[in-house]
Amino acid sequence: MKQFSKIFFYFICLFLLIWIAPWCYAFFSAKNDTPLLTLYSSVHKGFLNITRGDTNGSYWCDDNNVVFSREEADSLLPFFYIRQLITDNRFPDSICGRAFTPHEVNNTNFTFYSNPNLINANTVKLYPLLESQSKRVDLVMPSDVFRTTDDGIEFIDMESNSIEAEKSAKFTKVMLDKGFSFPAKQLSGNPSTRKEYDEGYLVLDSENKLFHLKQVVGRPYVRSIDIPLDIEISNVFITEFRSRRILGLLCDSQHKVYVLNSDYSISLVDIPSFDPIKESMTIYGNILDWTIIIKKDNAYEYYAINADDYSLIAEKTRPIDNNSVFGLHFTSNTDKYVYPRF
């Protein structure tokens, strides 16, 4: 028994060592040298970086370390700083040779964010389906939620916890008529009333076919979306941007990114790869260009994309000082689960 106790004690010590030692190293050697923000400027024809200053606070500079004042940065990033330019009565008559009104700029500006923590998390597979064309200006949360089963779609009244048989049968029939194969493999929606309009859900069925599902005046709207045979969609993201030009973003099994336009056509985004299961992505978009920031294990990748045809304008990479070492870890940046992992 005494020998077993010693072995167990040494095992616990070894276990704690391979867990705590890498954590301590990462904690004491951590550095935060990431820029606060990097955006592409169509006016400057290059990337601008906001960087922490030593005594004078943060400042904007380009990749050649040319420093700009706040007023200069406002003019170089007119879409990002539109409110400041309007307040100062400095909003230009034209930008890059094109005339824009403040309304056009505000209508086309957007921010998109994807994090593997959210994608890899377990969720309750009950979804509210809002009325997309209500008679009121404000959207209203429904009194029921839906789920998909092997046999169809089921709407459940939340107050009585009972299945709404008539509504379920109506939606199931329309979805089957459109070629939907139950159950749903993946759904992407924004079930919130804090938005200007509702587009329902983008849904991948069990055979990996893509559909658009929403409720219009109490009736089911189901649209099958044609995807080229050589593209296997793996992740879908509904966007609901203010301009309504884009319905969603798609990722395929080869980690390519596509734009799903409002007319249900798809366009390839000219970036090398993005794996939403392992990497985070942020997009700052305006009427002329998008700045796409992808955080990988060892670097931040920045891409400037033409907002009209999604072609690549410029790119850059910023290495990350990855100070992690091999050892036992219980958490990860890609999920919210706690379990031993090396």
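Up top is the structure.
Read on for a plain summary of the structure. (Residues numbered from 1 in each chain as written. Predicted model: local features only at pLDDT ≥ 70, side-chain atom pairs only at ≥ 80, totals over all residues. Heavy atoms only, no water.)

Side note on the overall build of the protein chain
Scanning the protein chain from terminus to terminus reveals 6 helices and 22 strands. Split into buried and exposed, the 342 residues of the protein chain put 42% on the buried side. A separation threshold of at least 6 residues defines the contact pool for the protein chain, and within that pool the share at least 24 residues apart is 44%. Entry remark: accessible area of the protein chain is about 19,900 Å², with carbon and sulfur atoms responsible for 53%. (Helix = DSSP H or I, 4+ residues; strand = E, 2+ residues; numbered from the N terminus. Buried < 20%, exposed > 50% of the residue type's maximum accessible area, 1.4 Å probe, protein only. Contact = heavy atoms within 4.5 Å. Areas by Shrake-Rupley, 256 points an atom, 1.4 Å probe, with all protein chains shown as cover.)

Considering the sheet that holds strand 13 (residues 210-216)
Pairing within the open sheet is antiparallel, and its 4 strands lie in the order 11-12-13-14. Whereas interior strands pair on both sides, the edge strands pair on one side only; in this sheet they are strand 11 (186-189) and strand 14 (219-225). Adjacent strand axes in the sheet meet at a mean angle of 20 degrees, parallel and antiparallel pairs treated alike. As judged from the 4 bridges shared by strand 11 and strand 12 (residues 201-204), these two strands associate in the antiparallel manner. Across the sheet, residue Gly189 finds its bridge partner in strand 12, namely Tyr201. Set on the sheet, helix 6 (residues 165-177) makes contact with strand 13 and strand 14; between it and strand 14 the angle comes to about 25 degrees. (Pairing = 2+ DSSP bridges. Axes fitted to C-alpha atoms, helices over the stretch in contact; angles between N-to-C directions.)

Description of the environment of Lys170
Here Lys170 shows up in helix 6. A residue is classified by how much of its surface remains accessible, and Lys170, at 39% relative accessible area, is partly exposed. In the structure, Lys170 is positioned 17 residues away from Ile153 in sequence and 9.3 Å away in space, judged by C-alpha atoms. Ignoring any residue separated from it by four or fewer positions in sequence, one finds Lys170 in contact with Gly218 and Pro220.

Points about the pattern of salt bridges
The tally for this structure, following the rule as stated, stands at 14 salt bridges. Salt-bridge contacts for Lys195 lead to Glu240; the nearest nitrogen and oxygen are separated by 3.0 Å. Placement of the pair is Lys195 in the loop between strand 11 and strand 12 and Glu240 in the loop between strand 15 (233-238) and strand 16 (246-252), with a sequence separation of 45 residues. Residue Lys195 shares its accessibility class with Glu240, and that shared class is buried. One salt bridge connects Lys296 with Glu279, and the closest N-O pair in it is separated by 2.8 Å. Here Glu279 lies in the loop between strand 18 (266-268) and strand 19 (280-285) and Lys296 lies in the loop between strand 20 (289-295) and strand 21 (299-306), a separation of 17 residues in the sequence. Given the relative accessible area of 15%, Lys296 is considered buried. On the accessibility criterion, Glu279 (13% relative accessible area) is buried. (Salt bridge = Lys/Arg side-chain N within 4 Å of Asp/Glu carboxyl O.)

Some words on helix 6
Compared with an ideal rise of 1.5 Å per residue, which puts 13 residues at 18 Å, helix 6 spans 18 Å between its outermost C-alpha atoms and is within 8% of the ideal. Regarding helix 6, the residues found buried are Lys167, Ser168, Phe171, Thr172 and Met175. Considered in projection along helix 6, the buried side chains sweep an arc of 125 degrees and stay on one side of the axis. Turned more than 90 degrees away from the buried face of helix 6 sit Ala165, Glu166, Lys173 and Asp177, all of them exposed. Where helix 6 is buried, its residues touch strand 8 (144-148), strand 9 (153-157), strand 10 (162-163), strand 13 and strand 14. Directly beyond the C-terminal end of helix 6, a positive phi value near 95 degrees is found at Gly179. (Expected span 1.5 Å × (residues − 1). Arc of directions from axis to C-beta.)

A look at the environment of Asp252
In this structure, Asp252 sits in strand 16. Distance in space between the C-alpha atoms of Asp252 and Asn235 is 6.7 Å, their sequence separation being 17 residues. Residues contacting Asp252, with those up to four places away along its chain left out, are Ile231, Glu232, Ile233, Ser234 and Tyr258.

Looking at unusual backbone geometry
Along the chain, Phe182 connects to Pro183 via a cis peptide bond; the corresponding omega equals 0 degrees. In this fold, Pro183 is placed in the loop between helix 6 and strand 11. For Glu240, which is not glycine, the phi torsion reads 55 degrees and is therefore positive. Positive phi outside glycine occurs at Arg244, with the angle close to 65 degrees. Following the sequence through the fold, Arg244 ends up in the loop between strand 15 and strand 16.

Some points on the sheet that holds strand 17 (residues 257-261)
Spatial ordering of the open sheet is given by 15-16-17-18, a layout of 4 strands whose pairing is antiparallel. Each of the sheet's edge strands pairs with one partner strand only, and the pair in question is strand 15 and strand 18. If you compare each strand with its neighbour and ignore which way they point, the axes differ by 25 degrees on average. Two elements, strand 15 and strand 16, share 5 bridges in a ladder whose sense is antiparallel. The residue of strand 16 that forms the bridge with Ile238 is Gly248.

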